[in-house]
Amino acid sequence: MSSCVTDTARTLACRDGAAAAHLKLLSLLVIFFSSIIGISSPIFLARYFQGKPVYDKAILIIKCFAAGVILSTSLVHVLPEAFAALSNCHVASRHPWKDFPFAGLVTLVGALMALLVDLTASSHVHQSHDKKPSGEYLPVAAAQDGTVGKKAGSDLSKEEAVKLKQKLVSQVLEIGIIFHSVIIGVTMGMSQNQCTIRPLVLALAFHQIFEGMGLGGCIAQADFKMGTVAYMCFMFSATTPMGIVLGMIVFAVTGYDDNNSNALIMEGLLGSMSSGILIYMALVDLIALDFFHNELMASHTWLKKASFIALALGSTSMSILALWA
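Note that the coordinates shown come from a computational prediction; the quantities given were computed from them, not determined experimentally.

### A few points about the packing of helix α3 (residues 55–87) against helix α11 (residues 301–320)
Line of reasoning, step 1. Relative orientation of the contacting elements α3 and α11 amounts to 35°, with a least axis distance of 7 Å. Considering only the axes of α3 and α11, their crossing is right-handed. Touching K57, L60, I61, C64, F65, A67, G68, V69, S72, T73, V76 and H77 of α3 are W302, L303, A306, S307, A310, L311, L313, G314, S315, S317, M318 and S319, all from α11.
Line of reasoning, step 2. Per-class residue counts for the contact of α3 with α11 are 14 nonpolar, 9 polar and 1 charged.

### Overview of the packing of aromatic side chains
Line of reasoning, step 1. A complete count under the given rule lists 5 aromatic pairs for this structure.
Line of reasoning, step 2. Residues F32 and F234 carry aromatic rings whose centres are separated by 6.5 Å and whose planes lie at 75° to one another, so their mutual orientation is edge-to-face. Of this pair, F32 sits in helix α2 (residues 17–49) while F234 is found in helix α8 (residues 226–254), placing the two residues 202 residues apart along the sequence.
Line of reasoning, step 3. Classification of F32 by relative accessible area gives partly exposed; the value is 22%.
Line of reasoning, step 4. Ring centres of F100 and F102 lie 5.3 Å apart, and the angle between their planes is 65°; this geometry places the pair in the edge-to-face category.
Line of reasoning, step 5. By way of ring pairs, the aromatic residues F32, F33 and F234 are connected into one cluster.

### Thoughts on unusual backbone geometry
Line of reasoning, step 1. Cis geometry marks the peptide bond from H95 to P96; its omega dihedral reads -5°.
Line of reasoning, step 2. Position of P96 among the secondary structure elements: in the loop between α4 (89–92) and α5 (102–130).

### Points about α3
Line of reasoning, step 1. Counted at 1.5 Å a residue, the expected span for α3 with its 33 residues is 48 Å, and the 47 Å between its end C-alpha atoms agrees.
Line of reasoning, step 2. Helix geometry: α3 is bent most strongly at T73, by close to 35°.

Cut-offs used in this document
Residues numbered from 1 in each chain as written. Predicted model: local features only at pLDDT ≥ 70, side-chain atom pairs only at ≥ 80, totals over all residues. Heavy atoms only, no water. Axes fitted to C-alpha atoms, helices over the stretch in contact; angles between N-to-C directions. Helix = DSSP H or I, 4+ residues; strand = E, 2+ residues; numbered from the N terminus. Left-handed = near helix turned anticlockwise from the far one by under 90°. Contact = heavy atoms within 4.5 Å. Nonpolar A, V, L, I, M, F, W, Y, C, P; charged D, E, K, R; others polar. Phe/Tyr/Trp six-rings, centres within 6.5 Å; stacked < 30°, edge-to-face > 60°. Buried < 20%, exposed > 50% of the residue type's maximum accessible area, 1.4 Å probe, protein only. Expected span 1.5 Å × (residues − 1). Bend = angle between axes of the 7 residues up to and from the residue.

Here you go:
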């Protein structure tokens, strides 16, 4: 409890609503445009390589970098923040939060939910194949392995099955990242602590650039229509600024700040759910799928090494940002 008193005194010393509001308004533009730069970079890079002999290899390396960013986001940023929110002295002193590790439980639920969505979508694809008299169905999870499955008739080829899987991965990833972005935005919008917000503006700009590169790498490979790509890019870029505005409205209406126990509980639960989704998607649908079921990577040893280096660089880049955001 003494640490709670100390933290409260430090917060009061930095509390300045007017200065915090100016910083938050500045952050709306900075975070929005940095998010656009981050998510659009791999998409434009993929279009630059399109039609060239190295296109498939370039896309694979971009996707491995993206997988590293997503994995680091979940394990180094989102999950520790969720545990910290539910371990805060304003929450951990109350029942039932002090009796059980809810952050870990909700992370588990998030991972299982992502698995359920994956299984349901794959089952739907398989059932659509079963209704066709010609050909055999192609298991979506193994669609990148050239030794598994046959062409499923004229309506759904092997390549189309791969694209369906990639589109599903991109959409579920965006859901998990949007959860995380809303939490960041609302928490920052509710805060009146200018000492916390000032360093966060620049740190979150870089955070959004790398997280956008992670999501953009997956979108680039999924081959969405231009309208869908634009919509997904806009939703990612606008979610954190909208969260900041929502947090400012919540504070104006309720007086709750980011140290309120109810706000901390919501932040911890949503963060844990987001972390579980992102951990599953990064490990199962990105890393395992490419490193163990990708025919192109299996046939080129140098590409496997380059992909692992890209994965490590993505993880390292995002992990370093945890020093500031």
